[in-house]
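One-letter residues, chain by chain:
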Amino acid sequence: MRIWIDGALRDADDAKVSVFDHGLTVGDGVFETLKAERGRTFAFTRHLERLTRSARGLGLPDPDPDEVRRACTAVLEANPVPLGRLRVTYTGGVSPLGSDRGDAGPTLIAALAETARRPDTTAVATVPWVRNERSAVAGLKTTSYAENVVALAAAHRAGASEALFANTLGRLCEGTGSNVFVVLDGELHTPATASGCLAGITRALVADWAGAKESDLPFEVLEQAEEVFLTSSLRDVQAVVRIDGRELGDGPGPVTAEAMRVFDARSADDLDP
């Protein structure tokens, strides 16, 4: 495996960052995860734009878009896989121990891991912890992912592949690494970004292509929704068939199935929508 770090490809064993990198010591960094099929990325421009927005939200310098493209291209060419998870990480770089940043400049990493296509259906679990919609990093895709690690581990113990959060107001927000959609009276809804959720790339495309409404939804909507599905760069559109102990059927419902069909067709037609 060859990994890009700060301007060059390196073998995995030599791909190292400093123990003083701010992304390691305090989680001061942002990242993007892209789907790559046979060396071609999906929605690269949208991911690059969000990487820049997240960096600005943390007060990091804008990443160099040409360098990010070079890094991703080099990693994809060096590691040919049928389906891959391409991860771009951009951190505050070498800094003093503590929250203050140093002046060494950011660290840029691009890495690829082979993955398998997700199943069409999954189970999710709700968790007692909440997203803070008023946080300084709400809506940013940062490397500070510890609360997601804890919540996802709880979901796995419950036999689920994802955990769903409410926010501090008790409104439906998002998953640890996904956005959530619900069907109510035949209409498709997803939480608005004011809930504190990440403005997901797949979320935006599905909302546009499938005609979903951004809505302020109580967390209890999960107990009434006729259908529920998740979206993310690697899940695409994935039907939820169980929430905690509530069964929603044994396959995608009609609205979910149509969203899956439309997303598959539109994404195949345009790799950089």
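Use the structure listed above.
Residues numbered from 1 in each chain as written. Predicted model: local features only at pLDDT ≥ 70, side-chain atom pairs only at ≥ 80, totals over all residues. Heavy atoms only, no water.

1. Topic: the pattern of salt bridges
Evaluated as defined, the whole model comprises 14 salt bridges. The residue R117 makes a salt bridge to D120 at a minimum N-O spacing of 3.2 Å. Take D120: its relative accessible area is 35%, and that puts it in the partly exposed class. (Salt bridge = Lys/Arg side-chain N within 4 Å of Asp/Glu carboxyl O. Buried < 20%, exposed > 50% of the residue type's maximum accessible area, 1.4 Å probe, protein only.)

2. Describing the environment of A259
With respect to the secondary-structure elements, A259 resides in helix 6 (residues 254-269). A relative accessible area of 3% places A259 in the buried class. Between the C-alpha atom of A259 and that of V237, which follows or precedes it by 22 residues, the distance is 7.2 Å. In this view, A259 contacts A210, F229 and V237; residues no more than four positions away in its chain are not counted. (Helix = DSSP H or I, 4+ residues; strand = E, 2+ residues; numbered from the N terminus. Contact = heavy atoms within 4.5 Å.)

3. What about the packing of aromatic side chains?
Two aromatic rings are characterised by how far apart their centres lie and by the angle between their planes. Inspection of every chain in the model, using the stated rule, returns four aromatic pairs. Seen from their ring centres, F181 and F229 are 4.8 Å apart, and the 15° between their planes marks the pair as stacked. Residue F181 is found in strand 10 (residues 179-184), and its partner F229 is found in strand 13 (residues 227-232); the two are separated by 48 residues along the sequence. Comparing F181 with F229 shows no difference in burial state: the two are buried. Within the aromatic cluster, the residues linked to one another by ring pairs are F42, W209 and F263. The positively charged end of K35 is found above the aromatic ring belonging to F42, 5.6 Å away from the centroid. The lysine or arginine in question, R131, covers the ring of F165, its NZ or CZ lying 4.1 Å from the ring centre. (Phe/Tyr/Trp six-rings, centres within 6.5 Å; stacked < 30°, edge-to-face > 60°. Lys NZ or Arg CZ within 6 Å of the ring centre and 35° of its normal.)

4. Brief notes about the side chain of H47
Along the polypeptide, H47 turns up in helix 2 (residues 44-58). Of the polar contacts made by the side chain of H47, one reaches the side chain of S233; its length is 3.4 Å. For H47, the residues in contact, after removing those within four places along its chain, are E32, T33, L34, F42, I201 and S233. (Polar contact = N/O pair within 3.5 Å; in protein donor to acceptor, adjacent residues only side chain to side chain.)

5. Focus on the sheet that holds strand 4 (residues 40-41)
Across the sheet, which stays open at both edges, the six strands sit in the order 2-1-6-5-3-4 with antiparallel pairing between neighbours. The outermost strands of the open sheet, each flanked by one partner alone, are strand 2 (8-11) and strand 4. In this sheet, strand 4 lies alongside strand 3 (residues 29-37) in antiparallel orientation, the contact comprising two bridges. Within strand 4, the residue paired with A36 across the bridge is T41. Relative to strand 3, helix 2 is tilted by about 170°, and along the sheet it contacts strand 3, strand 4 and strand 5 (83-91). (Pairing = 2+ DSSP bridges. Axes fitted to C-alpha atoms, helices over the stretch in contact; angles between N-to-C directions.)

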